[in-house]
Amino acid sequence: MLSESDLLDRAFQALADPTRRAIVERLVRQPTTVSALATPFDMSLPAVMQHLAVLETAGLVRSHKTGRVRTCTIDPVAMRLVEH
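So, how was this worked out
Residues numbered from 1 in each chain as written. Predicted model: local features only at pLDDT ≥ 70, side-chain atom pairs only at ≥ 80, totals over all residues. Heavy atoms only, no water. Axes fitted to C-alpha atoms, helices over the stretch in contact; angles between N-to-C directions. Helix = DSSP H or I, 4+ residues; strand = E, 2+ residues; numbered from the N terminus. Parallel < 35°, antiparallel > 145°, perpendicular 65-115°, else oblique. Contact = heavy atoms within 4.5 Å. Nonpolar A, V, L, I, M, F, W, Y, C, P; charged D, E, K, R; others polar. pLDDT = per-residue confidence, 0-100. Pairing = 2+ DSSP bridges. Salt bridge = Lys/Arg side-chain N within 4 Å of Asp/Glu carboxyl O. Buried < 20%, exposed > 50% of the residue type's maximum accessible area, 1.4 Å probe, protein only.

## Details of the packing of helix α2 (residues 18–29) against helix α4 (residues 45–57)
How two helices sit against one another is set out by the angle between their axes and by the gap between those axes. Axis separation between α2 and α4 bottoms out at 10 Å; the angle between their running directions is 75 degrees. Taken together, α2 and α4 sit at an angle that is classed as roughly perpendicular. The residues of α4 that touch α2, namely those facing T19, R20, I23 and V24, are V48, H51, L52, V54 and L55. Class assignment for the residues of the contact of α2 with α4 results in six nonpolar, two polar and one charged.

Quick look at the structure:
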């Protein structure tokens, strides 16, 4: 099990990238599909998915798949830890 310090290190490392911060900012407002998250960025869908994978590994974002649609949400517990 990771310590709180390890979790914070992963979270801040993930948030060091401006694209990932922009993704988190959008997800704080509401859950969003991967394709909708990718729309404003000038990058491929797989590149956006790599950013999401980093955020998921850090524990900041969760996703679930329904059919062919993957929807992402913020993990509120992890975000509270980062806020404090």
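## Re the confidence of the model for the protein chain
Should pLDDT be low for a region, the predicted coordinates there are not to be read in detail. Averaged over the protein chain, the pLDDT score is 91; the fraction of residues at 70 or greater is 98%. Least confident of the elements in the protein chain is helix α5 (residues 76–83), whose mean pLDDT is 84; most confident is strand β3 (residues 69–74), at 96.

## Let's talk about the sheet that holds β3
Strand order in this open sheet of three strands is β1-β3-β2, and the pairing throughout is antiparallel. Whereas interior strands pair on both sides, the edge strands pair on one side only; in this sheet they are β1 (32–33) and β2 (61–66). With respect to the sheet, α2 is in contact with β1, β2 and β3, its orientation differing from that of β3 by roughly 90 degrees.

## With respect to the pattern of salt bridges
Scanning the model with the defined rule gives two salt bridges in all. When the shortest N-O distance is used, the salt bridge between R29 and E25 registers 3.8 Å. Separated by four residues within a single helix, R29 and E25 lie in helix α2, roughly one turn from each other. Here R29 matches E25 in class, with each residue exposed. Of the charged contacts in the structure, one is a salt bridge between D75 and R62, with a shortest N-O distance of 3.0 Å. Within this pair, whereas D75 is found in the loop between β3 and α5, its partner R62 is found in strand β2, the two being separated by 13 residues in sequence. Given a relative accessible area of 10%, D75 falls into the buried group.

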